[in-house]
Amino acid sequence: MSNSLIADSGATKTDWCLVLANGNTQLFHTDGISPHYQTEDEIYHTLNTQLLPLLESIAPIEQLYFYGTGCSSEANQTRVAAALSRAFPVTSACEVNHDLLGTARALFGTQTGMVGILGTGSNAALYQAPNKLNAALPNLGFWLGDEGSAGFFGKQLVIDYMHGQMPGPMQRDFQQRYHINLETLLENVYQKPFPNRYLAGFAPFLQIHDSEPYCSGLLRQGFGLFLDKYICALPDYTQHPLGLSGSVALHHQVLLGQLCKSRGIKLSKVLQSPIEGLVNYHRQTA
C-alpha cells in the first residue's frame, strides 16, 4: 500500500489516518466537513488551515479515501472531491464516498450486515460488500430525520428546556451548564452554519443524567424510533447482525443492546469511530 490518507468525516469532526508505505500510521483530527452546509471553498479552507499544516513534512499522498456525511449524492461527492484535489493536487487516486459506506466497510469488511450511524446525525442500511447499501427509508437529514442522533436529542432537550417542560432540578442544571437564552438559541439554529453541530452539543446532558426517568425516556423514545423506522424495516432484519458507530452509540450501547434484543435484532459491534476499521479494510483490499 502506497502513502495513503483515509478520512471518516461527520458534521462535527473528521478523523484522518495517514498510512505510510512502510506500514506506519498517524492519526489527525479536523473539524467536520459537510457539503450540505459548506461550499467547495469553505471545505478547502478547512483542509488548508487545519490539515495541510500537519502534513507538511510528509511524503506526497498517492491515494486518498474520503468517507463523509452528505456524500451520498454525485453533486456533493463532486464538491468534496474538488476541494480535496485542490489540497492534494498530485494525488493519483481520490475516492469520495458516503460515511455510511465507510462505517459498513469498517464494521463488516467483506461480509453482509446491517449498519447504522448514531453520531451528530443518524443513518442506516443493509450492507452487501463491497459497495452496496440498501436503505429502508431515505435519510431526510437533520431537520426532518436523524432520529436517535445527538442532533435529534439536543433538539428535544432545548425545546423542553425553553418550554419549561424539564423536571425542576434538571431545568436548573441545564441552565447552569449551558447558559442559553432565546436570542442565542435562535441565532445559532437559524443564522449560523451547522445548527446540527450546535444542538448536538447538548446531547451529553442525557449521558450525565441517563438514570433519571426524563432522560431515559427521551433516549428510549429516540432509539426506538431509529430502530423501528430504519432497522426493523430492512429485509430479514432478524437474520443479519447489526453494527453501529458513533459517539452516541458508544455511550449508550447498553440501552441500545436492550432495545435491540427486545426487537429480535442481533447487535454485534459498536464502534466510536470507523477509522481503524477502514485502515484495515483498505490494507486488505489494496
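Described in the following lines is the structure provided in the data block. (Residues numbered from 1 in each chain as written. Predicted model: local features only at pLDDT ≥ 70, side-chain atom pairs only at ≥ 80, totals over all residues. Heavy atoms only, no water.)

## Details of the sheet that holds strand S6 (residues 113-118)
Thinking step 1. In spatial order, the strands read S8-S7-S6-S9-S10; together these 5 strands make up an open sheet with mixed pairing. Where the open sheet ends on each side, the last strands, each with one partner, are strand S8 (132-134) and strand S10 (266-271). On average, each strand axis in the sheet is inclined to that of its neighbour by 30 degrees, with strand direction left out of account.
Thinking step 2. In the sheet, S6 pairs with strand S7 (residues 122-128) via 6 bridges, with the strands oriented antiparallel. (Pairing = 2+ DSSP bridges. Helix = DSSP H or I, 4+ residues; strand = E, 2+ residues; numbered from the N terminus. Axes fitted to C-alpha atoms, helices over the stretch in contact; angles between N-to-C directions.)

## Notes on the packing of aromatic side chains
Thinking step 1. The full count for this structure, using the stated rule, is 14 aromatic pairs.
Thinking step 2. On the basis of an interplanar angle of 55 degrees and a centroid distance of 5.9 Å, the ring pair of Trp16 and Phe66 is categorised as tilted. Taken together, the residues Trp16 in strand S2 (residues 13-19) and Phe66 in strand S4 (residues 63-68) connect sequence positions 50 residues apart.
Thinking step 3. For Trp16, a relative accessible area of 0% corresponds to the buried category.
Thinking step 4. These aromatic residues form a ring-pair network of at least three members: Tyr161, Phe174, Tyr178, Tyr198, Phe202 and Phe205.
Thinking step 5. Geometry around Tyr44 places Arg86 over its ring, the cationic atom sitting 4.3 Å from the centre. (Phe/Tyr/Trp six-rings, centres within 6.5 Å; stacked < 30°, edge-to-face > 60°. Buried < 20%, exposed > 50% of the residue type's maximum accessible area, 1.4 Å probe, protein only. Lys NZ or Arg CZ within 6 Å of the ring centre and 35° of its normal.)

## What about helix H3 (residues 99-108)?
Thinking step 1. With 10 of 10 residues buried, H3 lies mostly within the body of the structure.
Thinking step 2. If you check which residues of H3 are buried, you get Asp99, Leu100, Leu101, Gly102, Thr103, Ala104, Arg105, Ala106, Leu107 and Phe108.

## As for unusual backbone geometry
Thinking step 1. With an omega of 0 degrees, the peptide bond running from Ala129 to Pro130 counts as cis.
Thinking step 2. Tracing the backbone through its elements, the reader meets Pro130 in the loop between S7 and S8.
Thinking step 3. For Asp236, which is not a glycine, the phi torsion comes out positive at approximately 55 degrees.
Thinking step 4. According to the relative accessible area criterion, Asp236 is exposed, its value standing at 54%.

## A word on the side chain of His209
Thinking step 1. Along the polypeptide, His209 turns up in the loop between helix H9 (204-208) and helix H10 (213-231).
Thinking step 2. Leaving out residues up to four positions away in the same chain, His209 has contacts with Met170, Asp173, Arg177 and Cys215. (Contact = heavy atoms within 4.5 Å.)

## Some words on the sheet that holds S4
Thinking step 1. Taking strand neighbours across the sheet as the criterion, the 5 strands line up as S3-S2-S1-S4-S5 in an open arrangement whose pairing is mixed. Looking at the sheet topology across the chains shown, the edges are occupied by strand S3 (25-31) and strand S5 (93-98). Neighbour to neighbour, the strand axes of the sheet diverge by 15 degrees on average, direction disregarded.
Thinking step 2. Relative to S2, strand S1 (residues 4-9) runs antiparallel, the two sharing 6 bridges. Residue pairing in the sheet places Ser9 in a bridge with Thr14 of S2.
Thinking step 3. Along the sheet, helix H2 (residues 74-87) contacts S2, S4 and S5; its crossing angle with S5, the most-contacted strand, is approximately 145 degrees.

## Digging into the nonpolar core
Where a protein is soluble and globular, its nonpolar side chains tend to be buried together.
Thinking step 1. Membership of the largest hydrophobic core comes to 44 residues, with the highest contact counts inside it found for Leu157, Phe174, Phe223 and Ile231.
Thinking step 2. Considering every element that reaches this core, the biggest residue donor is H10, with 9 residues.
Thinking step 3. By size, the runner-up hydrophobic cluster in this structure holds 23 residues, among which are Leu20, Leu55, Cys71 and Ala87. (Core = buried A, V, L, I, M, F, W, Y, C linked by side-chain atoms within 4.5 Å.)

## As for the environment of Gly151
Thinking step 1. Structurally, the position occupied by Gly151 is in helix H5 (residues 150-162).
Thinking step 2. The sequence separation of Gly151 and Asn76 amounts to 75 residues, and the corresponding C-alpha distance is 21 Å.
Thinking step 3. Apart from the residues lying within four places of it in its own chain, the contact partners of Gly151 are Gly119, Thr120, Phe142, Asn196, Leu199 and Ala200.

## Description of the packing of H5 against H10
Thinking step 1. Closest axis-to-axis distance for the H5/H10 pair is 11 Å, and the angle between their directions is 140 degrees. Looking at the two axes, H5 sits oblique to H10. The handedness of the crossing between H5 and H10 comes out as right-handed. Residues Phe152, Phe153, Gln156, Leu157 and Asp160 of H5 form the contact with H10, whose own contacting residues are Tyr214, Leu218, Leu219, Gly222, Phe223 and Leu225.
Thinking step 2. Tallied by class, residues from the contact of H5 with H10 come to 8 nonpolar, 2 polar and 1 charged. (Parallel < 35°, antiparallel > 145°, perpendicular 65-115°, else oblique. Left-handed = near helix turned anticlockwise from the far one by under 90°. Nonpolar A, V, L, I, M, F, W, Y, C, P; charged D, E, K, R; others polar.)

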